[in-house]
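Observations on the three-dimensional arrangement
The residues making up each chain are set out below.
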Amino acid sequence: MLFHTFLFVFLAEMADKTQLMIMALTNRYSVKTVIAGMILGVFAISGVSVLAGDLIGDLIPMRLIKLAASAMFLFFGLMNLRCSTEEEAGHHVALKIPVVSIAFTFVIAELGDKTQLATVALAADHMREHFPIFLGASLGLIMANILGIFAGKLIFSHLREDTVKVGSSFIFFLFGSLTLFEAVPGNNLIFIGYSTVLMVCAYAIYTFSRRHVGTRG
């Protein structure tokens, strides 16, 4: 059951939104920090899925989960556009405890995702094999996301800094927007208004931060 769960979750996680999100985070934090936060999040979501996955939908409305995930995606997208000096970046990392932030974001992003639902289903069908399922799901998520982390680092190392910032922020904006509109369906007018506000905010943050760094330099 361990290998079956590992293979199933590993394949399901490839090119998943969570993997792409983790990949994009390598632009903002060190590889060690992202891996540590990801592993912490993996153990948390796998444990919840195996032990109490069937209760999540009853205790927390899926719409609320999607709204929280959308907010986290959009927040990271906007913050990723900020330009900072190395000193400010170090202070930011120390102050914000990024490992916990990454873990929390990972858990929120995985709630209701296909890999989390698959783990819940496997645990429900095999009541006496919770630990192998937990271990298999955890290893599958960890391996898939480690591949994403190093792939992201490799890709970003061959691109200009501005391109990396905009590209990784686009990933956050894309999944944040898709998740938001899954939770709050709207008409085309709302979509146009939302997109306009998002782009204006992103441009303002990026422009202001570049000017701020320029004056500091």
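Residues numbered from 1 in each chain as written. Predicted model: local features only at pLDDT ≥ 70, side-chain atom pairs only at ≥ 80, totals over all residues. Heavy atoms only, no water.

Under an unreviewed UniProt entry, the chain has the name GDT1 family protein and belongs to [Clostridium] innocuum 2959. Turning to the chain, the UniProt annotation filed under Subcellular location (unreviewed entry) states: "Membrane". (UniProt positions renumbered as here; feature names shortened; annotations may be inferred.)

Let's talk about the layout of surface pockets
Taken as a whole, the second largest pocket holds about 280 Å³ of empty space. As for the second largest pocket, its lining consists of 15 residues, of which Phe170, Phe173, Leu174, Leu198 and Met199 are closest to the centre. For the lining of the second largest pocket, the secondary-structure elements that each account for two or more residues are α9 (161-183) and α10 (188-216). Residue contributions to the lining of the second largest pocket peak at eight residues, all from α9. Looking at side-chain class alone, the lining of the second largest pocket contains 12 nonpolar, three polar and no charged residues. (1 Å grid on protein atoms, 1.4 Å probe; cavity = no way out; pocket = protein on both sides within 12 Å on 5 of 7 lines; lining within 4 Å. Points joined across faces, edges and corners; volume = space filled by probe spheres on them. Helix = DSSP H or I, 4+ residues; strand = E, 2+ residues; numbered from the N terminus. Nonpolar A, V, L, I, M, F, W, Y, C, P; charged D, E, K, R; others polar.)

Considering the UniProt feature "transmembrane region" (unreviewed entry) in the chain
Under the feature "transmembrane region" (unreviewed entry), the UniProt entry names residues 33-52, 64-81, 93-111, 131-152, 164-183 and 189-208. As a span, residues 33-52 carries 100% helix and 0% strand, and end to end its C-alpha atoms are 28 Å apart. Annotated as 100% helix and 0% strand, the span residues 131-152 places its first and last C-alpha atoms 31 Å apart.

Looking at empty space enclosed by the protein
Summed over all chains, the structure comprises one cavity of 30 Å³ or more. Within this model, the largest cavity holds a volume of roughly 40 Å³. Ile45, Ser46, Ser49, Glu110, Thr115, Gln116, Thr119 and Leu141 together form the lining of the largest cavity. For the lining of the largest cavity, the secondary-structure elements that each account for two or more residues are α3 (31-59) and α7 (114-125). A class-by-class count of the residues in the lining of the largest cavity yields two nonpolar, five polar and one charged.

Some points on the packing of helix α2 (residues 17-25) against helix α6 (residues 98-110)
Two numbers describe how α2 lies on α6: the axes approach to 10 Å, and their chain directions differ by 160 degrees. The angle between the axes of α2 and α6 places the two elements in the roughly antiparallel class. Where α2 crosses over α6, the handedness of that crossing is right-handed. Of α6, the residues touching α2 (which contributes Lys17, Thr18, Met21, Ile22 and Leu25) are Ile102, Thr105, Phe106, Ala109 and Glu110. For the contact of α2 with α6, a count of residues per class yields six nonpolar, two polar and two charged. (Axes fitted to C-alpha atoms, helices over the stretch in contact; angles between N-to-C directions. Parallel < 35°, antiparallel > 145°, perpendicular 65-115°, else oblique. Left-handed = near helix turned anticlockwise from the far one by under 90°. Contact = heavy atoms within 4.5 Å.)

Brief notes about a nonpolar patch on the surface
Residues Phe3, Leu7 and Leu11 make up a contiguous nonpolar surface patch of about 320 Å² in total accessible area. Mapping phenylalanine 3 onto the fold places it in helix α1 (residues 2-13). (Patch = residues over 30% accessible without salt bridge, like charges linked within 9 Å, V, L, I, M, F, W, Y side chains within 5 Å. Areas by Shrake-Rupley, 256 points an atom, 1.4 Å probe, with all protein chains shown as cover. Salt bridge = Lys/Arg side-chain N within 4 Å of Asp/Glu carboxyl O.)

Quick word on the packing of aromatic side chains
Under the criterion given, the structure shown has five aromatic pairs. Their ring planes at 20 degrees and their centres at 5.8 Å tell us that phenylalanine 6 and phenylalanine 10 sit as a pair that is stacked. Here the residue phenylalanine 6 and the residue phenylalanine 10 both occupy positions in helix α1, the gap between them amounting to four residues, near one helical turn. Here the aromatic cluster, defined as three or more aromatic residues joined through ring pairs, consists of Phe43, Phe131 and Phe134. (Phe/Tyr/Trp six-rings, centres within 6.5 Å; stacked < 30°, edge-to-face > 60°.)

Comments concerning the side chain of serine 169
Along the chain, the position of serine 169 falls in helix α9. When its relative accessible area of 1% is taken as the criterion, serine 169 is described as buried. One polar contact links the side chain of serine 169 to the main-chain carbonyl oxygen of glycine 77, over a distance of 2.9 Å. (Buried < 20%, exposed > 50% of the residue type's maximum accessible area, 1.4 Å probe, protein only. Polar contact = N/O pair within 3.5 Å; in protein donor to acceptor, adjacent residues only side chain to side chain.)

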